[in-house]
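Reading the structure
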Amino acid sequence: MRALVPGWVRDPKVWRTEVLAGLVVALALIPEAISFSIIAGVDPAVGLFASFTMAVVISVVGGRRAMISAATGAVALVIAPLNNEHGLGHLIAAVILAGVFQVVLGALGVARLMRFIPRSVMVGFVNALAILIFLAQVPEVRDVPWPVYPLVLGGLALMVLFPKITTVVPAPLVSIVVLTLITVGAGIAVPTVGDKGALPSSLPVPGLPDVPFTLDTLTTIAPYAFAMALVGLMESLMTAKLVDDITDSHSNKTRESIGQGVANIVTGFFGGMGGCAMIGQTMINVKVSGARTRLSTFLAGAFLMVLCVVFGPVVSDIPMAALVAVMVMVSFATFDWHSIAPKTLRRMPLGEITVMVTTVACVVITHNLAIGVVVGSVTAMVVFAKRVAHLAEVTAVTDPDGTTVVYRVTGELFFASSNDLVGQFDYAGDPPHVVIDLSAAHVWDASSVAALDAIETKYGQRGKTVEIVGLNPPSARLHGRLSGELSASH
């Protein structure tokens, strides 16, 4: 029995680190969860319940220890239109369906597909997320009393300067406390969290979403649920990879994918808005606080609920200006400024820049991160195919006796490069025997085999023989299986 208990359970130092890390993350989570609730257009309780259930459930079923999952801006942005058009019931139903999609995608091995998302798409994804979080704050500073503006600026100044004094307490928390004390103490009338809706005074209770269980409801929520599932998995798997690098340890990405789905299903049944891994809070937990176990993730959720239920009236007095400042800071910290530095742009290939800009533009226009990633990935594939298409070269050497010509093909032969291949041979002028040497090439697809067949046919029509040599084993197998089977006559 003793062997089943992890070694850290008996280490008081680990307990101290994990408990303090959980508390710090919980304190930092409250303003973000409330802010993301407002982005989604729901009561603060919905985001706070989501953060509680996501953190607690993922601490048990997740595949990456010490990673924090909660209500996030990415998920809020995806499901906000659904809530605006159809109401909270449809949003909750979409969260449950998104969880089901995530479990299915995780079981199908979607985690393995992450390696096909290029870095330029990842950078575009992060930058677009930062821009959307910033844009979501703009309505909060329109048509408001003038004290809101100096409060926002003061909050930003505190978050920039306070870490230079100490990093023991999160700067966003200090900013929120100071601005709340100023507004309450001086009696400044500005919009507060309480104006957005009542905070929870009790723990969430399970229940079914208040929607008609019809095909019409399913077709309404399915696109949003699928987008949320994709965005949640992308963010979570990206964050898990980041934590792997920081901690020099491996995590089970498939378990994490399924775990995210289970956490969202549970969150939906408890009336939460769903979520995924949070890059910012995970960095506080792993990098700043030094947490390494599931305990810190579990306690972050538990402490969050205690703070809301016990200290709800205090949280209600937080000025919205403080949360706007926090979210502006989150957006600035999230944005990859190095990616748009003139020095970086000068060195970066034009294709990579195009992919990044396309991803950002699609996300900002559609307000859908999943669409941006898909369009960005397709653009990257097109750019890659175009670049590689020109790498297939053909050089010809004619034997001294004039009876044979050897064509040496170098590079990758696939649908984009093989189209040009057919036009690089002198069918009329070549001698009777033609050798095509593919020892420095690789045949990837049916298009390339069809191109080689077309070359043989064109020479055959002129009474000339073609010999293909030098195929590596995979190319030879593909060529042997498909050659002569791809023309219209078959």
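The structure presented is a predicted model; accordingly, all values stated were derived computationally and were not measured. What you see as residue numbers is a count from 1 along each chain, following the sequence as written. Per-residue local features are limited, in this predicted model, to residues with pLDDT of at least 70; the limit for side-chain atom pairs, both in listing and counting, is 80 or more; totals at the level of whole chains, interfaces and linings are taken over all residues. Neither water nor hydrogens contribute to the side-chain values; these are computed over all heavy atoms in the structure.

Before going further, it helps to examine the overall build of the chain. Numbering goes from the N terminus for both helices and strands, where a helix is a DSSP run of H or I of at least four residues and a strand is a run of E of at least two. A tally of helices and strands in the chain yields 19 helices and six strands. With the C-alpha coordinates aligned to their principal axes, the bounding extent of the chain is approximately 100 × 60 × 50 Å. Exposure classes here rest on a 1.4 Å probe applied to the protein chains alone. A residue is buried below 20% of its type maximum, exposed above 50%, and partly exposed in between. Here the chain holds 490 residues, and 52% of them are scored as buried. Every residue pair with non-hydrogen atoms within 4.5 Å of one another is taken to be in contact. For the chain, the share of sequence-separated contacts (at least 6 apart) that also reach a separation of at least 24 residues comes to 83%. As presented, the chain carries roughly 22500 Å² of accessible surface, and 67% of it is formed by carbon and sulfur atoms. Working convention for charge: Lys and Arg count positive, Asp and Glu count negative, and His plus the chain ends are omitted. We put the charge of a Lys on NZ, of an Arg on CZ, of an Asp on CG and of a Glu on CD. Where the 29 positive side-chain charges of the chain centre and where its 31 negative ones centre are 10 Å apart. What sets the accessible areas is the Shrake-Rupley method with a 1.4 Å probe; for residues, cover comes only from the shown protein chains.

Let us now look at the pattern of salt bridges. Any Lys or Arg side-chain nitrogen located within 4 Å of an Asp or Glu carboxyl oxygen qualifies as a salt bridge. What the rule picks out here adds up to three salt bridges. A salt bridge links Arg-64 to Asp-244, with the nearest nitrogen and oxygen atoms 2.7 Å apart. In this pair, Arg-64 sits in the loop between helix H2 (44-61) and strand S1 (69-70) while Asp-244 sits in helix H9 (residues 215-247), placing the two residues 180 residues apart along the sequence. Across the salt bridge formed by Asp-437 and Arg-408, the nearest N and O atoms sit 3.2 Å from each other. Highlighted residues: Asp-437 in strand S5 (residues 433-443) and Arg-408 in strand S4 (residues 404-413), separated in sequence by 29 residues. A relative accessible area of 16% means that Asp-437 is categorised as buried. Within this structure, Arg-64, Asp-244 and Lys-253 form a network of salt bridges that share partners.

A few words now on the pairing of S5. For a regular strand, side-chain orientation follows a simple rule: the groups alternate between the two sheet faces. In terms of burial, S5 is a largely internal element, eight of the eleven residues being buried. Strands are treated as partners if at least two bridges between them are detected by DSSP. In this sheet, S5 lies alongside S4 in parallel orientation, the contact comprising nine bridges. Among the inter-strand pairings, Thr-410 is bridged to a residue of S5, identified as Ala-440. In this region the chain leaves S4, passes through helix H17 (residues 415-421) and returns to the parallel neighbour S5; the handedness of that crossover is right-handed. Looking at chain direction, S5 and strand S6 (residues 465-469) are connected through five bridges and run parallel. Note that in S6 the partner of Val-435 across the bridge is Glu-467. We call a crossover right-handed when, viewed with the strands running away from us, the connection from the first strand over the helix to the second turns clockwise.

Positionally, Val-394 belongs in strand S3 (residues 393-398). Exposure remark for Val-394: the relative accessible area of 18% places this residue in the buried category. The spatial distance from the C-alpha of Val-394 to the C-alpha of Phe-226 is 46 Å, given a sequence separation of 168 residues. In this structure Val-394 touches Tyr-407, Arg-408, Val-409, Leu-421, Gln-424 and Phe-425, once residues within four positions along its chain are discounted.

Below, the discussion takes up unusual backbone geometry. One non-glycine residue, Ala-66, lies in positive phi territory at about 75°. Among the structural elements, Ala-66 can be located in the loop between H2 and S1. According to the relative accessible area criterion, Ala-66 is buried, its value standing at 2%. Its identity as a non-glycine residue notwithstanding, Asp-248 has a phi of 55°, on the positive side. Tracing the backbone through its elements, the reader meets Asp-248 in the loop between H9 and helix H10 (253-269).

Bringing helix H3 (residues 73-86) into the picture now. Multiply 1.5 Å by the residue count of a helix minus one, and that product is the helix's expected span. In this model, H3 (14 residues) spans 20 Å end to end at C-alpha, consistent with the 20 Å of a helix rising 1.5 Å per residue. To get the bend at a given residue, fit one axis to the seven residues ending there, fit another to the seven starting there, and take the angle between those axes. Within H3, the axis deviates most sharply at Ile-79, by approximately 40°, and proline Pro-81 lies no more than four positions further along. Most of H3 sits out of view: ten of its 14 residues are buried. Gly-87 sits one or two positions beyond H3 and adopts a positive phi of about 100°.

A few words now on the packing of aromatic side chains. Between 30 and 60 degrees the pair is tilted, below 30 it is stacked and above 60 it is edge-to-face, where a pair is any two Phe, Tyr or Trp rings, Trp via its six-membered ring, whose centres lie within 6.5 Å. For the coordinates displayed, the defined rule picks out nine aromatic pairs. Summarising the aromatic geometry, the rings of Phe-335 and Trp-337 are spaced 4.6 Å apart at their centres and angled 45° between planes, so their arrangement reads as tilted. A connected cluster of aromatic rings, assembled from ring pairs, spans Phe-134, Phe-332, Phe-335 and Trp-337. Lying across the ring of Tyr-427, Lys-458 places its NZ or CZ 5.7 Å from the centre. Cation placement over rings: the criterion is NZ of Lys or CZ of Arg within 6 Å of the ring centroid and within 35° of the ring normal.

Time to look at the sheet that holds S3. Whether parallel or antiparallel, the strands of a sheet pair through hydrogen bonds between backbone atoms. Within the open sheet, the four strands sit side by side as S3-S4-S5-S6. Their pairing is mixed. Looking at the sheet topology across the chains shown, the edges are occupied by S3 and S6. Within this sheet the neighbouring strands show an average axis-to-axis angle of 20°, counted without direction. Angles shown run from 0 to 180 degrees and are taken between the N-to-C directions of axes, each axis being a line fitted to C-alpha atoms and, for helices, limited to the stretch in contact.

That's the geometry; what it means functionally is another story.
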